[in-house]
Amino acid sequence: MHGSLYSIEKESFKKSLIHSIDPRIKLISVLLIILTATLLNSVYSMILIEFYLMLLILLSRISLSYTIKRILLILPFGVFLAIFQPFIRGETVIFQIFGISIYQEGLSFGLTLFLKFLVSVTSVVFLSSTTPMHEVICAGRRLGLPGIISTLLGLMVRYIFIMYDVLESTLKAQKSRCFNGKNLTYKQILNIFGYSVGALFIRAYEQGERTYLAMVSRGYSENSKIQLHDGTIGLSEVVFLISTIIISITLLVL
């Protein structure tokens, strides 16, 4: 994993104008931006959306370098999908490399696909960096997300942090026992890695059993209702949402 998971929550608890906006408004705005990027086929329009997202990130006083690192961490998956498009899609050959044709239509489609992925990743990073994860889940619940799904998402978020702590303790235990991959064969490293993964899964299973028994002992069932604190939507939230809607509609129309 890149860095610590807790640094994500640290960024989301900062104080700024963007952080103070109701999580429901930010969630709706991010979904609207992703939907707009999906419908658009103009490179310039998606570049404008990316600039808009970067402006919001600057206004939220998030660490720009850390935000870019998070985006770059996920970006290779989009590059992997886009990089093959110029070789397999289209009819107009621009040039050839070692007898392999590169098509103009595929190049345009690949660039568009990459920008769609970039806008979507930036939107998710913006949301997670300005809103704590449990608030995002509560916002989805208040917007109509089924209770069982919100509960599963909440447990999943907590498990990520717990399993990260377990992984860190396992790595520290290996280092304390002078584990050094340079002095071992490839087969020995695979065996140790397999034992570590197996131990991690066993701990996850045991933690799941303990969590389930704790919830049942407190009267939890599929019909249990979670108490949500309704926040108020003020003028800043309305302005933010209207601005996002206007930008999205303008780009779709133009």
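Higher on the page you've got the structure.
Everything numeric in this text was worked out from a predicted model, so none of it was measured.

Draft legend 1. Focus on the overall build of the protein. Helix and strand content of the protein: ten helices and two strands. Listed by position from the N terminus, the elements making up the protein come as α-α-α-α-α-β-β-α-α-α-α-α. At 23 Å, the protein has a C-alpha radius of gyration far larger than the 18 Å of a compact globule built from 254 residues. Projecting the C-alpha coordinates of the protein onto the three principal axes gives extents of approximately 60 × 60 × 35 Å. The buried share among the 254 residues of the protein stands at 32%. For the protein, the computed accessible surface area is about 16,500 Å², with 69% contributed by carbon and sulfur atoms.

Draft legend 2. Representation of the nonpolar core. Ranked by size, the top nonpolar core spans 29 residues in total, and within it Ile33, Ile49, Leu56, Ile71, Val119, Phe126 and Phe240 carry the most contacts. Put simply, the parts of the chain that give this core at least two residues each are α2 (23-39), α3 (43-59), α4 (64-82), α6 (104-130), α7 (133-142) and α10 (235-253). Here this core gets seven residues from one element, more than from any other, and that element is α6. Beyond its immediate stretch of four places on either side in the chain, Phe240 contacts Ile21, Ile25, Lys26, Ser29, Tyr52, Leu56 and Phe126.

Draft legend 3. Local environment of the pairing of strand β1 (residues 93-97). Note that β1 and strand β2 (residues 100-103) share four bridges and pair antiparallel. If you follow Gln96 over to β2, its bridge partner there is Ser101. Two successive antiparallel strands, β1 and β2, enclose a turn made up of two residues, where Phe98 displays a positive phi of approximately 55 degrees.

Draft legend 4. Region of interest: a nonpolar patch on the surface. Taken together, the side chains of Val79, Phe80, Leu81, Ile83, Phe84, Phe87, Ile88 and Ile100 present a nonpolar region at the surface, about 780 Å² in accessible area. Broken down by secondary-structure element, the contributors of at least two residues to the nonpolar patch are α4 and α5 (85-88). Residue contributions to the nonpolar patch peak at three residues, all from α4. Note on placement: Ile88 falls in helix α5. Overall, Ile88 belongs to the exposed group, its relative accessible area being 63%.

Draft legend 5. Looking closely at the packing of helix α8 (residues 147-176) against helix α9 (residues 186-217). Interaxial distance between α8 and α9 falls to 11 Å at its minimum, and their mutual angle equals 140 degrees. It follows that α8 is oblique to α9 by the angle criterion. Like other packed secondary-structure pairs, α8 and α9 cross with a definite hand, here right-handed. Counted together, Leu155, Tyr159, Ile162, Met163, Val166, Leu167, Ser169, Thr170 and Gln174 of α8 and Ile192, Ser196, Leu200, Arg203, Ala204, Gln207, Gly208, Thr211 and Met215 of α9 form the full contact between these two elements. Taken together, the residues of the contact of α8 with α9 sort by class into ten nonpolar, seven polar and one charged.

Draft legend 6. Here's a closer look at the side chain of Thr122. On the secondary structure map, Thr122 appears in helix α6. Beyond its immediate sequence surroundings of up to four residues, Thr122 is in contact with Glu50, Leu53, Met54, Ile57 and Ile71.

Draft legend 7. A look at the packing of aromatic side chains. Within this structure, the stated rule accounts for one aromatic pair. Look at Phe80 and Phe84: their rings are 5.3 Å apart centre to centre, the planes differ by 80 degrees, and that puts the pair in the edge-to-face class. On the accessibility criterion, Phe84 (42% relative accessible area) is partly exposed.

Draft legend 8. A look at the pattern of salt bridges. Counted according to the given criterion, the structure contains one salt bridge. In this structure, the salt-bridge partner of Arg24 is Asp22, at a minimum N-O distance of 3.0 Å. For the residue pair Arg24 and Asp22, the accessibility class agrees, reading buried in each case.

Draft legend 9. The side chain of Lys116, seen in detail. Its location among the elements puts Lys116 in helix α6. With sequence-adjacent residues up to four places away left out, Lys116 is seen in contact with Ala37, Thr38, Leu39, Leu40, Asn41 and Met46.

Draft legend 10. Local environment of unusual backbone geometry. With a phi close to 60 degrees, Arg61 is a non-glycine residue in the positive phi region. Mapped onto the secondary structure, Arg61 falls in the loop between α3 and α4.

Draft legend 11. Region of the structure containing the environment of Leu40. Tracing the backbone through its elements, the reader meets Leu40 in the loop between α2 and α3. The spatial distance from the C-alpha of Leu40 to the C-alpha of Leu251 is 8.0 Å, given a sequence separation of 211 residues. If sequence neighbours within four positions are ignored, Leu40 has contacts with Ser45, Met46, Ile49, Thr112, Lys116, Leu251 and Leu252.

About the thresholds
Throughout this description, residue numbers start from 1 for each chain and increase along the sequence as written. The predicted nature of this model means local features are confined to residues of pLDDT at least 70 and side-chain atom pairs, given and counted, to a pLDDT of 80 or more, with totals for whole chains, interfaces and linings taken over all residues. As a convention, hydrogens and water are excluded, and side-chain values are obtained from all of the structure's heavy atoms. Think of it this way: any DSSP run of H or I at least four residues long counts as a helix, any run of E at least two long counts as a strand, and we number them from the N terminus. Using C-alpha atoms as the atom set, the radius of gyration is obtained and then compared with a globule rule of 2.2 Å times the number of residues to the power 0.38. Burial status follows relative accessibility: with a 1.4 Å probe on protein chains alone, a residue under 20% of its type maximum counts as buried, one over 50% as exposed, and anything between as partly exposed. Computed with a 1.4 Å probe, the accessible areas rest on the Shrake-Rupley method; for each residue, only the protein chains presented here act as cover. In these notes, a set of buried Ala, Val, Leu, Ile, Met, Phe, Trp, Tyr and Cys residues joined through side-chain atoms within 4.5 Å is what counts as a nonpolar core. Working rule for contacts: check all heavy atoms of both residues, and any pair within 4.5 Å makes them a contact. Paired strands are those between which DSSP finds at least two bridges. Patches were defined on residues exceeding 30% relative accessible area and lacking a salt bridge, with like-charge contacts within 9 Å and nonpolar side-chain contacts (Val, Leu, Ile, Met, Phe, Trp, Tyr) within 5 Å. Any Lys or Arg side-chain nitrogen found within 4 Å of a carboxyl oxygen on Asp or Glu counts as a salt bridge. Axis angles are defined between N-to-C directions and span 0 to 180 degrees, where every axis is a line fitted to C-alpha atoms and, for a helix, only to the segment in contact. Relative orientations are named as follows: roughly parallel for angles under 35 degrees, roughly antiparallel for angles over 145 degrees, roughly perpendicular for angles from 65 to 115 degrees, and oblique for any other angle. When the near helix sits turned anticlockwise from the far one by under a right angle, the crossing is termed left-handed; a clockwise turn instead gives a right-handed crossing. Under the grouping applied here, Gly and all other residues not named as nonpolar or charged are polar, the nonpolar ones being Ala, Val, Leu, Ile, Met, Phe, Trp, Tyr, Cys and Pro and the charged ones Asp, Glu, Lys and Arg. Any two rings among Phe, Tyr and Trp, with Trp reduced to its six-membered ring, count as a pair given centres within 6.5 Å; such a pair is stacked if its planes are under 30 degrees apart, edge-to-face if over 60, and tilted if neither.

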